[in-house]
Amino acid sequence: MKYFIILLAVVIVGVLWFHLTDKAEQLDPTPQETATMEENSEQDLEEIEPDVTFKVTGVNYSYNVKEMRVKKGDVVRIDFTSNLGFHDWVVDEFSAKTKTLRPGTSDSITFVADKVGTFEYYCSVGSHREQGMVGSLIVEE
Ligand SMILES: [Cu+2]
């Protein structure tokens with residue numbers, strides 16, 4: 001019986017050791033996270049409180065928000081989430097573009113709407129834009 005308890009203790013220690021080693025590996029920063037930090041060159045803009053925030057979700061092939069109205073000069077924040085399929089959110093005139101998102105992931109971008117007019121935002125993945133994955137960003141004086 002005594003030997004059995006010692007054997008059991010050895011097994012438990014062994015299992016714990018494997019578990020801890022596994023955890024330590026998970027703590028290492030992944031290459032993906034490093035790349036994300038390098039992409040955030042507009043960090044200063046990210047820290048400004050936005051004048052207006054839009055929570056946008058995308059599926060195949062549409063956005064839940066079809067039209068956005070802002071004032072010229074507004075700091076606009078887009079919190080974009082893909083609910084189904086691979087998508088991004090792009091508006092060329094303001095060089096605003098989220099990362100291409102896997103289903104169930106999110107990305108936020110901030111830009112200044114410094115031009116008056118109606119601008120099309122769209123998904124640049126595949127032919128999603130042609131399939132109607134678009135909306136209007138209206139910037140008023
Ligand atoms: Cu798309």
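Everything numeric here is computed off the predicted structure, so don't read it as measured data.

Novice: Help me get a handle on the packing of aromatic side chains, residues and values and all.
Specialist: The final tally for this structure, using the stated rule, is six aromatic pairs. Considering the side-chain rings of Tyr63 and Phe80, the 5.8 Å spacing of their centres and the 70° angle between planes classify their relative orientation as edge-to-face. Of this pair, Tyr63 sits in strand 2 (residues 62-63) while Phe80 sits in strand 4 (residues 75-82), and the two are 17 residues apart along the sequence. Ring pairs connect the aromatic residues Tyr63, Phe80, Trp89, Phe94, Phe111, Phe119 and Tyr121, which therefore count as one cluster. Taking the ring centre of Tyr122 as reference, the NZ or CZ of Arg129 above it sits at 3.6 Å.

Novice: Give a detailed account of the pairing of strand 4, specifying residues and quantitative values.
Specialist: Strand residues, when the strand is regular, have side chains that alternate between the two faces of the sheet. Along strand 4, six of the eight residues are buried, which leaves the element largely enclosed by surrounding structure. Taken together, the seven bridges between strand 1 (residues 52-59) and strand 4 define a ladder with parallel strand orientation. Bridge pairing in strand 4 links Thr57 to Thr81. Relative to strand 7 (residues 106-112), strand 4 is paired through seven bridges, and the arrangement is antiparallel. Counterpart to Ile78 in the pairing with strand 7 is Ile109.

Novice: How would you sum up the coordination of the copper ion? Please name residues and give values.
Specialist: The copper ion binds to the protein through His87 (ND1), Cys123 (SG) and His128 (ND1), with metal-donor distances spanning 2.0 to 2.1 Å. One chain supplies every donor to the copper ion, and in sequence these donors are spaced H-x35-C-x4-H. Given a relative accessible area of 1%, Cys123 falls into the buried group. Here His128 falls in the buried class, since its relative accessible area comes to 10%.

Novice: So what about the pattern of salt bridges? Which residues, and what values?
Specialist: Scanning all chains against the criterion turns up seven salt bridges. Between Lys55 and Asp79 there is a salt bridge whose closest N-O contact spans 3.0 Å. With a gap of 24 residues between them, Lys55 in strand 1 and Asp79 in strand 4 connect regions that are remote in the sequence. Take Asp79: its relative accessible area is 14%, and that puts it in the buried class. Between Lys97 and Asp88 there is a salt bridge, with the nearest N and O atoms lying 3.1 Å from each other. By relative accessible area, Asp88 is classed as buried at 0%.

Novice: Describe the environment of Asp88, naming the residues involved and giving the relevant values.
Specialist: By the element assignment, Asp88 lies in the loop between strand 4 and strand 5 (90-91). Linking Asp88 and Thr57, residues 31 residues apart in sequence, is a C-alpha distance of 9.9 Å. Apart from the residues lying within four places of it in its own chain, the contact partners of Asp88 are Tyr63, Phe80, Lys97, Thr98, Lys99, Thr100, Tyr122, Cys123, Ser124 and Val125. At 3.1 Å, the side chain of Asp88 forms a polar contact with the side chain of Lys97. Only 2.5 Å separates the side chain of Asp88 from the side chain of Ser124, close enough to count as a polar contact.

Definitions and limits used
- Residues numbered from 1 in each chain as written.
- Predicted model: local features only at pLDDT ≥ 70, side-chain atom pairs only at ≥ 80, totals over all residues.
- Heavy atoms only, no water.
- Phe/Tyr/Trp six-rings, centres within 6.5 Å; stacked < 30°, edge-to-face > 60°.
- Helix = DSSP H or I, 4+ residues; strand = E, 2+ residues; numbered from the N terminus.
- Lys NZ or Arg CZ within 6 Å of the ring centre and 35° of its normal.
- Buried < 20%, exposed > 50% of the residue type's maximum accessible area, 1.4 Å probe, protein only.
- Pairing = 2+ DSSP bridges.
- Donors = N, O, S within 2.8 Å, 3.2 Å for Na, K, Ca; no water.
- Salt bridge = Lys/Arg side-chain N within 4 Å of Asp/Glu carboxyl O.
- Contact = heavy atoms within 4.5 Å.
- Polar contact = N/O pair within 3.5 Å; in protein donor to acceptor, adjacent residues only side chain to side chain.

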